[in-house]
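Each chain is listed here by its residues.
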Amino acid sequence: MKTTKIIATGILAMGLATANLHALDTSERLELLESAMIEQATTPAQKSAVSEYLANIAKEKVEMAQALRDRAGSTRGGKALSQMNEKKELLRRAEALEKDAKKYQTISMDLHSGSMQVAQN
């Protein structure tokens, strides 16, 4: 277990050291940082903090998705075809955000339950 963690950390560190981070977009950078945080969280306090962080991100994504859905439901005038296309795009983005939020919530719950198990032992 410990050697696997050391190997994974070493591979991640080498990958980050050799990768051109300027070529990555913001979402890819965040995903790399979040995965590193999840892998490095070993104590119950660390797991709890990472779990809370991920739960907050999930909450923000759900709120943004709801705002997009509200925006898609309102009329702003203009051409009907243009409005219909914009509505489809907004709803597509809202669904993607909700899918991400569900992923973050699942990871958060897994970490939270893991930290609770460690605390009980």
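Just so it is clear, the model here is predicted, and its values are computed rather than measured.

Let's talk about the overall build of the chain
From N to C terminus, the chain includes four helices and zero strands. Secondary structure elements of the chain, listed N to C terminal, follow the sequence α-α-α-α. Among the 121 residues that make up the chain, the fraction classed as buried is 19%. Within the chain, contacts between residues separated by at least 24 positions form 66% of all contacts whose residues are at least 6 apart in sequence. With an accessible surface of roughly 8,800 Å², the chain has 60% of that area assigned to carbon and sulfur atoms.

Here's the deal with the packing of aromatic side chains
In this structure the tally under the stated criterion is zero aromatic pairs. Over the ring of Tyr104 we find Lys103; its NZ or CZ atom is 5.4 Å from the centre of that ring.

Digging into the UniProt feature "coiled-coil region" (unreviewed entry) in the chain
In this structure's numbering, the residues bearing the UniProt feature "coiled-coil region" (unreviewed entry) are residues 80-107. With 100% helix and 0% strand, residues 80-107 has end C-alpha atoms that lie 41 Å from one another.

Quick word on the nonpolar core
Judged by nonpolar contacts, Ala41, Val50, Leu54, Ile57, Ala58, Ala101, Tyr104 and Leu111 together constitute the single largest core of eight residues. Where this core is concerned, the elements lending two or more residues are α3 (44-73) and α4 (80-120). Here this core gets four residues from one element, more than from any other, and that element is α3. Formed by six residues, the second largest nonpolar core is a distinct cluster that contains Ala65, Leu68, Leu90 and Leu97.

With respect to the environment of Ser48
Mapped onto the elements of the fold, Ser48 is located in helix α3. Counting along the chain gives 60 residues from Ser48 to Ser108, while the straight-line C-alpha distance between them is 8.7 Å.

Details of the confidence of the model for the chain
In the predicted model, the chain carries a mean pLDDT of 80, and 74% of its residues have values of at least 70. Across the chain, element-level confidence peaks in α3 with a mean pLDDT of 91 and bottoms out in helix α1 (residues 2-18) with 60.

Some points on a nonpolar patch on the surface
A surface patch of nonpolar side chains, about 350 Å² in accessible area, is lined by Leu30, Leu33, Met37 and Tyr53. Tallying contributions element by element places helix α2 (residues 26-40) first for the nonpolar patch, with three residues. The topology assignment puts Leu30 in helix α2.

Considerations on the pattern of salt bridges
Side chains carrying opposite charge are able to pair once their charged atoms draw close together. Enumeration over the complete set of coordinates arrives at four salt bridges. As a salt-bridge pair, Asp100 and Lys61 come within 3.8 Å of each other at their nearest N and O atoms. You can see Asp100 sitting in helix α4 and its partner Lys61 sitting in helix α3, a full 39 residues away along the chain. With a relative accessible area of 17%, Lys61 lands in the buried category. A salt bridge links Glu89 to Arg92, with the nearest nitrogen and oxygen atoms 2.6 Å apart. Residue Glu89 and its partner Arg92 are located together in helix α4, separated by three residues, close to a single helical turn.

Here we look at α3
Between its first and last C-alpha atoms α3 spans 43 Å; for 30 residues at 1.5 Å apiece the expected length is 44 Å, and the two agree. Burial in α3 covers these residues: Lys47, Val50, Ser51, Leu54, Ile57, Ala58, Lys61, Ala65, Leu68 and Ala72.

Thresholds, definitions, all that
Residues numbered from 1 in each chain as written. Predicted model: local features only at pLDDT ≥ 70, side-chain atom pairs only at ≥ 80, totals over all residues. Heavy atoms only, no water. Helix = DSSP H or I, 4+ residues; strand = E, 2+ residues; numbered from the N terminus. Buried < 20%, exposed > 50% of the residue type's maximum accessible area, 1.4 Å probe, protein only. Contact = heavy atoms within 4.5 Å. Areas by Shrake-Rupley, 256 points an atom, 1.4 Å probe, with all protein chains shown as cover. Phe/Tyr/Trp six-rings, centres within 6.5 Å; stacked < 30°, edge-to-face > 60°. Lys NZ or Arg CZ within 6 Å of the ring centre and 35° of its normal. UniProt positions renumbered as here; feature names shortened; annotations may be inferred. Core = buried A, V, L, I, M, F, W, Y, C linked by side-chain atoms within 4.5 Å. pLDDT = per-residue confidence, 0-100. Patch = residues over 30% accessible without salt bridge, like charges linked within 9 Å, V, L, I, M, F, W, Y side chains within 5 Å. Salt bridge = Lys/Arg side-chain N within 4 Å of Asp/Glu carboxyl O. Expected span 1.5 Å × (residues − 1).

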